[in-house]
There are 2 protein chains.
Amino acid sequence: MVQFVGVDGVRKLVAAQGVEAFLTGLIPYVEADYARWERFDKVARPASHTPFGVIELMPASDAELYAFKFVNGHPFNPARGFQTVTAFGALATVHNGYPVLVSEMTLLTAFRTAATSAMAAKYLARPDSVVMAMIGAGSQAEFQALGIRQTTGVNRLRVYDTDARAMDKVRRNLEPFGFDVILADSAAQAMSGADIITTCTADKANATVLTADMVSAGMHLNAIGGDCPGKTELDPAILDRADVFVEFTPQTRIEGEIQQKPDDFPVTELWQVVAGRAAGRSSAAQVTVFDSVGFAIEDFSVLRYVYDVVQGTGIARDIDLVAAPDDPKDLFSLLPVPAPVG
Amino acid sequence: MVQFVGVDGVRKLVAAQGVEAFLTGLIPYVEADYARWERFDKVARPASHTPFGVIELMPASDAELYAFKFVNGHPFNPARGFQTVTAFGALATVHNGYPVLVSEMTLLTAFRTAATSAMAAKYLARPDSVVMAMIGAGSQAEFQALGIRQTTGVNRLRVYDTDARAMDKVRRNLEPFGFDVILADSAAQAMSGADIITTCTADKANATVLTADMVSAGMHLNAIGGDCPGKTELDPAILDRADVFVEFTPQTRIEGEIQQKPDDFPVTELWQVVAGRAAGRSSAAQVTVFDSVGFAIEDFSVLRYVYDVVQGTGIARDIDLVAAPDDPKDLFSLLPVPAPVG
């Protein structure tokens, strides 16, 4: 039997631990997998683009486990009552190729993206950061704020979105966690004086959510909303004055903010910083950008985490996803067919 | 909610219809999708190879539906009590990217592979065929025989496998369906006088299961066991004297029997025959080979079929795979968290 953790299963796991403890537990899984980044089989993720949006499969594996995520990105979905991004995925054992876990990943993607931003902020934000700004108040915003607070201690949050209702939602959701939330009138106002800025807008366009004049010395930017060809959030001039960190360079050159730059634009892969192979922030005045597009290893990490924490809880349901005849060569015996002779 | 059809669900669908009717219903789905082959988005399938075997993701989509299959191929699995091939997959609606069906596909892969061979035999075998040979008596054998009988009427079956128990299994499983089954002492004996030959062995090696001297004028061969780099079944000399039909040329040149041949070795894509764009069998003496490696459109077809036939049966179970908050921008509201303020 394969374990299934649906939306209700993730809710129960979060309820059992608390949302902050769930994130606290996840961040070291992401960090451990970043630290051993080179041991993963990194293959291209096939994407199917249509006028509606994109559907992607994101596989990653090490010597023991194989994970993949099915994820869509449909920018016009919210106006039609659907999520922009939904996802589910599975974990399998490499030695026999059998799946062991199928899970919803809409919530888990928000969690792993937050855990990754939180890890990036730990390595790249100024240690004396006190204010964060969230540009975009959609599905990911609260997860991002909670994650970043875990690794940086930053509790003061400025929010800007073109949708005032979405800003109110973030305030409503985060004030119970003790955040000091201020709603801004513009991205520039939200950013003024902020130390850590996260852009998580969902336009399928080369939008300039941030312009270079909004960026001050010492800022760290998590740019997570620009994540496919033709979809960016930052004025390219920001990239020129920043040190840019990425997940997996070949993918980010196609999907990230640096798609606006030549192929030799210098970047550092974040795993190298985590593994102690490259410097993260090197001065208080430096501007750092984590040009995040989402990488399959982060999905691997969160599936591995859920698989570990769900054991013994009774939260996972069994689903009969693997046909297992007594004789492996007799698959046909599983079918209800005329009685065998003799 | 997403519909889930597990192993038990497929059993119940087959029980409701009978295994032959289930195949009879499936073949036109595969054929219809072959006939509109050009309308599919055909992307590479990412494969993760290890010393144990391979895990692949196989996506395919048209303007309305997106399908993918997770499938492993682990040649040493049967000796360890596992299936060589297990699979599961999902179907999603393109307009919003939401999954609508998750299904086991170990059984469904055997069914769709049989339906494809059956369709190939319909177009490529001699109409006066009376004997089929099955080289390899593993998991797929019974499905192949039943499928091919559906489209050709051939009821006389010769079976050869290096494993005598596996041959007995095929006889035991197929005699209740009225097959006239003869167990052969060698591949050559099984093939002698046969009109339609299917090779479905599972060695992960460049095996020569069939040599050129076993092949007579007028034979049609379904070569389905050679399906990844380094894994072939046919003496390349057989290919020289045959007209070779494939699924998707770029994939087959890497994974099929023709990996033993130069990149300009002439082939015809089977969909062109189905669509009336190319000739199938053109003479009674011609040797035809369907060099089948399995293509994602066939998985699309079987998922589409299951999705259609399961409606209204009560067989599918609901699984909560898609997070659907009332406000699409308020994913966080799904979590059990401190009560919002005000």
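Residues numbered from 1 in each chain as written. Chains lettered and ligands numbered in written order. Predicted model: local features only at pLDDT ≥ 70, side-chain atom pairs only at ≥ 80, totals over all residues.

## What about the overall build of chain A?
- Tallying secondary structure elements over chain A gives 10 helices and 17 strands in all.
- Residues counted as buried form 58% of the 342 residues belonging to chain A. (Helix = DSSP H or I, 4+ residues; strand = E, 2+ residues; numbered from the N terminus. Buried ≥ 20, exposed ≤ 12 C-beta atoms within 10 Å, placed from the backbone.)

## Thoughts on the pairing of strand β16 (residues 288-291) of chain A
All names here are of chain A.
- Of the two faces of β16, the one carrying Thr288 and Phe290 and the one carrying Val289 and Asp291 are both buried.
- Relative to β16, strand β12 (residues 220-223) is paired through 4 bridges, and the arrangement is parallel. Bridged to Ala223 within β16 is Asp291.
- Note that strand β14 (residues 243-246) and β16 share 4 bridges and pair parallel. Pairing of Phe245 across the sheet is with Phe290, part of β16. (Pairing = 2+ DSSP bridges.)

## Details of the sheet that holds strand β4 (residues 65-73) of chain B
Residues and elements named next belong to chain B.
- One open sheet accounts for 7 strands, arranged β2-β3-β4-β5-β6-β1-β17; its pairing is mixed. Among the strands making up the open sheet, the edge pair consists of β2 (47-49) and β17 (317-319). Adjacent strand axes in the sheet meet at a mean angle of 20 degrees, parallel and antiparallel pairs treated alike.
- Inspection of the sheet shows β2 paired to strand β3 (residues 54-61) by 3 bridges, in the antiparallel sense. Looking across to β3, one finds that Ala47 is bridged to Glu56. (Axes fitted to C-alpha atoms, helices over the stretch in contact; angles between N-to-C directions.)

## Digging into the environment of Thr109 of chain B
Residues and elements named next belong to chain B.
- With respect to the element layout, Thr109 can be found in helix α3 (residues 106-124).
- On the basis of neighbour count, Thr109 is assigned to the buried category, with 27 C-beta atoms found within 10 Å.
- Those residues in contact with Thr109, other than ones at most four positions away along the chain, are Val71, Val85 and Ala87. (Contact = placed C-beta atoms within 7 Å.)

## So, the packing of helix α1 (residues 7-17) of chain B against helix α2 (residues 19-35) of chain B
Residues and elements named next belong to chain B.
- Two elements in contact, α1 and α2, have axes separated by 6 Å at closest approach and are oriented at 100 degrees. In terms of axis orientation, α1 runs roughly perpendicular to α2. Residues Leu13, Val14 and Gln17 of α1 pack against Val19, Ala21, Phe22 and Gly25 of α2.
- Of the residues that constitute the contact of α1 with α2, the class distribution is 5 nonpolar, 2 polar and no charged. (Parallel < 35°, antiparallel > 145°, perpendicular 65-115°, else oblique. Nonpolar A, V, L, I, M, F, W, Y, C, P; charged D, E, K, R; others polar.)

## What to know about the interface of chain B and chain A
- Counting residues at the interface gives 75 residues for chain B and 76 residues for chain A.
- Here the side of chain B that touches chain A gets 5 residues from one element, more than from any other, and that element is α1 of chain B.
- Classifying every residue of the side of chain B that touches chain A by side-chain character gives 45 nonpolar, 18 polar and 12 charged.

## A short note on the pairing of strand β9 (residues 180-183) of chain B
Residue and element names in this part refer to chain B.
- With 4 bridges joining them, strand β8 (residues 156-160) and β9 adopt parallel strand pairing. Each residue of the ladder has a partner; that of Leu157, found in β9, is Val181.
- What joins β8 to β9 is helix α5 (residues 164-174), and the crossover it makes is right-handed. (Right-handed = clockwise from strand over helix to strand, strands pointing away.)

## Details of the sheet that holds strand β15 (residues 268-269) of chain B
Residue and element names in this part refer to chain B.
- Reading across the sheet, the 8 strands line up as β9-β8-β7-β10-β12-β16-β14-β15 and stay open at both edges, with parallel pairing between neighbours. Edge strands, defined here as strands with exactly one partner in the open sheet, are β9 and β15.
- Against the sheet, α3 contacts β10 (196-199), β12 (220-223), β14 (242-246) and β16 (287-291), and its axis sits at roughly 160 degrees relative to β12.
- Here helix α4 (residues 141-152) sits on the sheet in contact with β7 (131-135), β8 and β10, set at roughly 160 degrees to β7.

## Focus on the relation of the copies chain B and chain A
- Between chain B and chain A, which share one sequence, the superposing operator has a rotation angle of 180 degrees and an axial displacement of 0.0 Å; the RMSD is 0.0 Å. What we have between these two chains is a two-fold relation.
- A shared interface surface links the copies, since 100% of the contact residues of chain B are contact residues in chain A too. (Least-squares fit on C-alpha atoms with pLDDT ≥ 70 in both.)

## What about helix α10 (residues 296-310) of chain B?
All names here are of chain B.
- In a regular helix each residue adds 1.5 Å, so 15 residues correspond to 21 Å; α10 covers 21 Å between its end C-alpha atoms and thus fits that length.
- Burial analysis of α10 places 12 of its 15 residues in the buried class, the great majority of the element.
- When α10 is considered as a whole, its buried residues turn out to be Ala296, Ile297, Glu298, Asp299, Phe300, Ser301, Val302, Leu303, Arg304, Tyr305, Val306 and Val310.
- Once α10 ends, the next one or two residues include Gly312, with phi positive near 80 degrees. (Expected span 1.5 Å × (residues − 1).)

## Describing the domain arrangement of chain A
Residue and element names in this part refer to chain A.
- According to the domain assignment, chain A consists of domain 1 (2-107 + 297-329) and domain 2 (126-295).
- Here the C-alpha centre of domain 2 lies 24 Å away from the C-alpha centre of domain 1.
- The interface is formed by 18 residues belonging to domain 1 together with 16 residues belonging to domain 2. (Domains from an automatic or database assignment.)

## Side note on the environment of Arg158 of chain A
Residue and element names in this part refer to chain A.
- Tracing the backbone shows Arg158 in strand β8 (residues 156-160).
- For Arg158 and Ser192, which are 34 residues apart along the polypeptide, the C-alpha to C-alpha distance reads 9.6 Å.
- Sequence-distant contacts of Arg158, defined by excluding residues within four places in its chain, comprise Val131, Ala133, Ile182, Ala184, Ala190 and Ala194.

## Points about the confidence of the model for chain A
- With 98% of its residues at a pLDDT of 70 or more, chain A has an overall mean of 94.
- Our summary of model confidence lists the complex with pTM equal to 0.92 and ipTM equal to 0.92. (pLDDT = per-residue confidence, 0-100.)

## Description of α2 of chain B
All names here are of chain B.
- For α2, built from 17 residues, the straight-helix expectation of 24 Å at 1.5 Å per residue is met to within 8% by its first-to-last C-alpha distance of 25 Å.
- Those residues of α2 lying buried are Phe22, Leu23, Leu26, Ile27, Tyr29, Val30, Asp33 and Tyr34.
- Packing partners of the buried residues in α2 comprise α1, α3, α4, α9 (270-274) and α10.

## Some words on the packing of helix α2 (residues 19-35) of chain A against helix α4 (residues 141-152) of chain A
Residues and elements named next belong to chain A.
- Across the interface, α2 lies against α4 with an axial gap of 10 Å and an inter-helix angle of 65 degrees. Both α2 and α4 take part in a crossing whose hand is right-handed. On α4, the residues touching Val19, Glu20, Leu23, Thr24 and Ile27 of α2 are Leu146, Gly147, Gln150 and Thr151.
- Per-class residue counts for the contact of α2 with α4 are 4 nonpolar, 4 polar and 1 charged. (Left-handed = near helix turned anticlockwise from the far one by under 90°.)

## Let's talk about the environment of Glu247 of chain A
Residue and element names in this part refer to chain A.
- Take Glu247: it is sitting in the loop between β14 and α8 (249-255).
- We classify Glu247 as buried; it has 26 C-beta atoms within 10 Å.
- Placed 20 residues apart in sequence, Glu247 and Val267 show a C-alpha to C-alpha distance of 9.8 Å.
- Setting aside residues no more than four positions away along its own chain, Glu247 makes contact with Thr252, Leu270, Ser292, Val293 and Phe295.

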